[in-house]
Amino acid sequence: MAQVSTEQVWDWLDDVPDPEIPVISLVDLGIIRDVRWEEDTLVVSVTPTYSGCPATSVINLDIETALRGHGIDKLELRRQLSPAWTTDWLSQKGRKKLEDYGIAPPQPAGGPAKCPNCGSKNLQKVSQFGSTPCKAHWRCQDCLEPFDYFKCI
Amino acid sequence: MTHDEALLQFLLRMGDNTLILGHRVSEWCGHAPVLEEDIALANTALDLIGQTQLWLGLAADVQGDGKTADDMAFLRDAWDFRNVLLVEMPNGDFGQTLMRQFLFDAWHSIMLGRLITSSDPRVAEIAEKASKEVAYHLERSGDTVVGLADGTEESHARMQAALDYLYPYVGEMFLSDATDAEMVAAGIAPDPAGLRDEYDALVGRIVDTATLTLPDGRFTHKGGRDGRMHTEHLGHLLTQMQWLQRAYPGASW
């Protein structure tokens, strides 16, 4: 087949959900660092969110499955460590989707801006760690709902 | 000692520290005092194991005989490990586990901060990645040490006992030998001895806030980072960690 444009590949990857937080795509998460053709091989560079995140291998498998499904035969996935992933790379679309899903998006101040359920700012940190390496556990003091906060790194 | 031999030793020291501490912390999985702490400990262990894959993966590349990070973790015996004794010490109670974590995190964060400017880009990029995770570990272990020590009479006494027990293992992190000299000469890593002042300032600040008393003596147990003599605890740890590969050599899924 003729080489598809890298823009097309980015669009395809934007349809691949994060395995742990399926409302956002891998592109929203900011972990796809580069897509390029090297002769007849499509090279996709991926950076891990956390070095021990168990989703990393699933993510690689999902990328491969999606791109092979679109007819890409020669594919190489590269691990790129530097620059290290930062939550600044979350897309605006991704941040909005996180909040709609009930996960407070990362804030430079180091804690959630408001409760994703009721909007209250009366919040309490329960634990610096949550259900996945990228999240912390918070609670709203008004609606009393516990919620995940996407850690800012 | 050739440059590559020294580099290999250095990488094993970094990777074995995170591997052995990561395994120790993972022993709490399902046993921590409350669910949130259980999850926090498991996540810390996960970060450390992830960093281990990077360090021991690079160590295997430098060794150049086709081995992998998994081979390095599961197919070496106690005398091959290069972790400091501190990280192989038993968990004890929850307070002792968090004190050990704090004493290591403080060193780890300072060391990784230096390694970000390593002349070897492979080392620098691992340090850049790991230092973000370790800054988070340090914040949590420091806060928890303060919270427990400046807590009840019982929790204070336990934290002071943990500090008294573990402090004689701190000095080993700052010893220097021929491996370190080679790493310094090549611009790959700093002289560990040069990190002590910054460490003392950091640990001193937290210990004061925590209302604890730092032991006077500077005597240090040693023999882990050069592999001369580990404690009896490492072998017991390996019987658990390496059980599957020993019972079913080559097993994979």
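Cut-offs used in this document
Residues numbered from 1 in each chain as written. Chains lettered and ligands numbered in written order. Predicted model: local features only at pLDDT ≥ 70, side-chain atom pairs only at ≥ 80, totals over all residues. Heavy atoms only, no water. Pairing = 2+ DSSP bridges. Helix = DSSP H or I, 4+ residues; strand = E, 2+ residues; numbered from the N terminus. Axes fitted to C-alpha atoms, helices over the stretch in contact; angles between N-to-C directions. Parallel < 35°, antiparallel > 145°, perpendicular 65-115°, else oblique. Left-handed = near helix turned anticlockwise from the far one by under 90°. Contact = heavy atoms within 4.5 Å. Nonpolar A, V, L, I, M, F, W, Y, C, P; charged D, E, K, R; others polar. Salt bridge = Lys/Arg side-chain N within 4 Å of Asp/Glu carboxyl O. Polar contact = N/O pair within 3.5 Å; in protein donor to acceptor, adjacent residues only side chain to side chain. Domains from an automatic or database assignment. Buried area = accessible area lost by both parts, 1.4 Å probe.

Novice: What's the story with the sheet that holds strand S7 (residues 146-150) of chain A in this structure? I'm lost.
Specialist: As a general point, the strands of a sheet are linked pairwise by backbone hydrogen bonds and lie either parallel or antiparallel. Residues and elements named next belong to chain A. Judged by pairing direction, the sheet is mixed, and its four strands sit side by side in the order S4-S7-S6-S5 without closing on themselves. Each edge of the sheet is formed by a strand with only one pairing partner; in this case those strands are strand S4 (103-104) and strand S5 (123-127). Pairing between strand S6 (residues 135-140) and S7: five bridges, direction antiparallel. Bridge assignment links Lys135 to a residue of S7, and that residue is Phe150.

Novice: Hey, could you run me through the packing of helix H1 (residues 3-26) of chain B against helix H5 (residues 94-115) of chain B in this one?
Specialist: For any two helices packed against each other, one specifies the crossing angle of their axes together with the interaxial distance. Residues and elements named next belong to chain B. Put simply, H1 and H5 touch, their axes get as near as 13 Å, and they point 150° apart. With respect to H5, the element H1 is oriented roughly antiparallel. Judged by the twist between their axes, the crossing of H1 over H5 is left-handed. Residue-level inspection shows Phe10, Met14, Asn17, Thr18, Leu21, Arg24 and Val25 of H1 in contact with H5, the latter providing Arg100, Gln101, Phe104, Trp107, His108, Met111, Leu112 and Leu115. The residue makeup of the contact of H1 with H5, split by class, is nine nonpolar, four polar and two charged.

Novice: Sorry, what's going on with the interface of chain A and chain B here?
Specialist: The parts lose accessible area when they come together, and the size of an interface is often stated as this lost area. Listed by partner, the interface residues are 25 residues for chain A and 22 residues for chain B. At the junction of chain A and chain B, the tally comes to zero salt bridges. One can count eight residue pairs in polar contact (both at pLDDT 80 or more) joining chain A with chain B. Contributions of two or more residues to the side of chain A that touches chain B are made by S5 and S6 of chain A. In terms of residue count, the dominant contributor to the side of chain A that touches chain B is S5(A) (three residues). The residue makeup of the side of chain A that touches chain B, split by class, is 12 nonpolar, 10 polar and three charged.

Novice: Can you help me understand the domain arrangement of chain A in this one?
Specialist: All names here are of chain A. Assigned domains of chain A: these are domain 1 (6-87) and domain 2 (102-150). Spacing between the C-alpha centres of domain 1 and domain 2 amounts to 28 Å. Between domain 1 and domain 2 the total buried area reaches about 580 Å² when both faces are included, carbon and sulfur atoms providing 87% of it. Broken down residue by residue, the surface that domain 1 buries against domain 2 is led by Ile21, Tyr50 and Thr87, which jointly contribute 64%. Applying the counting criterion to the domain 1 and domain 2 interface returns zero salt bridges. Inspection of the domain 1/domain 2 interface yields zero residue pairs in polar contact (both at pLDDT 80 or more).

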